[in-house]
Amino acid sequence: MLELLVALLVTSVGVLGIAGLTTLNAQHRRSAAAHAEAVRLAEDIIERIRANPAGLQAGSYAVSGDAVGGPDCHASQCAAAEMAAFDLAQWRCALGASTTDQDCRGPLHATGTVATDISAGSVRITIQWRDQGENRTLTVDSGV
């Protein structure tokens, strides 16, 4: 009978360990997915900037505030600065950074900034989000 109780105790500890590892694995998977989404969103705005070099040269992509609006450039032709405002509004929406638009609730609920150095032709994208109670930051430097 004692051997049965010891075997049951050992099996219980093993099952609890596996359950803990499964939970930890799920948390790491969610963190990895959030990081991958942040990388995708950084690549998205970099590609938008590369597609609008005139907007970059005009300094229209440098943004650090919350509210960025712009015309609907899918519906009509836009100037370079208007396209930059549109790109930033779309990006903010994808980040989930909009506090006014209910349709802009991205999976990260992140904030993002774009810093440009026109003379060097470089862009720094910073995305911040909260993951498992901690602040996470992704910074991407890119030449455009």
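Note that the structure is predicted; figures quoted are calculated from it, not measured.

Asks: Help me understand the pairing of strand E1 (residues 111–117) in this model?
Replies: Walk down a regular strand and you will see the side chains alternate between the two sheet faces. Bridge count between E1 and strand E2 (residues 122–131): seven bridges; the pairing is antiparallel. Looking at E2, one finds that Ala115 is bridged to Arg124. Taken together, E1 and the strand that follows it, E2, pair antiparallel across an intervening segment of four residues, in which Gly121 is found at a positive phi of about 65°.

Asks: What am I meant to see in helix H3 (residues 80–95) here?
Replies: Along an α-helix, residues three or four apart share an orientation, since each turn contains 3.6 residues. The terminal C-alpha atoms of H3 lie 22 Å apart, and with 16 residues this matches the ideal 22 Å at 1.5 Å per residue to within 8%. For H3, the complete set of buried residues consists of Ala84, Ala85, Phe86, Asp87, Leu88, Trp91, Arg92 and Leu95. Buried-residue contacts for H3 involve helix H1 (2–50), E1 and E2. Gly96, located one to two residues past H3, shows a positive phi value of around 85°.

Asks: Even after reading the chapter, I still don't get the nonpolar core, so can you show me in this structure?
Replies: If you look at soluble globular proteins, the nonpolar side chains tend to sit buried side by side. Among the nonpolar cores identified, the biggest contains 22 residues, and Trp91, Val114, Ile125, Ile127 and Trp129 are the most heavily contacted of them. Those elements that place two or more of their residues in this core are H1, H3 and E2. Considering each element in turn, this core owes the most residues, seven residues, to H1. Not counting residues within four places of it along the chain, the set of residues in contact with Ile127 comprises Ala38, Leu41, Ala42, Trp91, Leu95, Ala110, Thr111, Gly112, Arg136, Thr137 and Leu138.

Asks: In this structure, what is going on with the state of the cysteines? I would like to understand it.
Replies: Cysteine pairs can be covalently joined through their sulfur atoms, and such a bond is termed a disulfide. For the structure shown, the criterion picks out one disulfide. Bridging Cys73 to Cys78, the disulfide has an S-S length of 2.1 Å. Of note, the bridge from Cys73 to Cys78 carries an S-S torsion of about -110° and is left-handed in sense. Look at Cys73 and you get buried, because its relative accessible area is 12%.

Asks: Explain unusual backbone geometry to me, please; I cannot follow it from the model alone.
Replies: Note: most peptide bonds trans; most residues except glycine with negative phi. The phi torsion at Gln132 lies on the positive side, around 55°, for a residue other than glycine. In this fold, Gln132 is placed in the loop between E2 and strand E3 (134–143). Judged by relative accessible area, Gln132 falls into the partly exposed class, the value being 45%.

Criteria and thresholds
Residues numbered from 1 in each chain as written. Predicted model: local features only at pLDDT ≥ 70, side-chain atom pairs only at ≥ 80, totals over all residues. Heavy atoms only, no water. Pairing = 2+ DSSP bridges. Helix = DSSP H or I, 4+ residues; strand = E, 2+ residues; numbered from the N terminus. Expected span 1.5 Å × (residues − 1). Buried < 20%, exposed > 50% of the residue type's maximum accessible area, 1.4 Å probe, protein only. Contact = heavy atoms within 4.5 Å. Core = buried A, V, L, I, M, F, W, Y, C linked by side-chain atoms within 4.5 Å. Disulfide = S-S within 2.5 Å.

No statement about biological role is implied by the geometric values presented.
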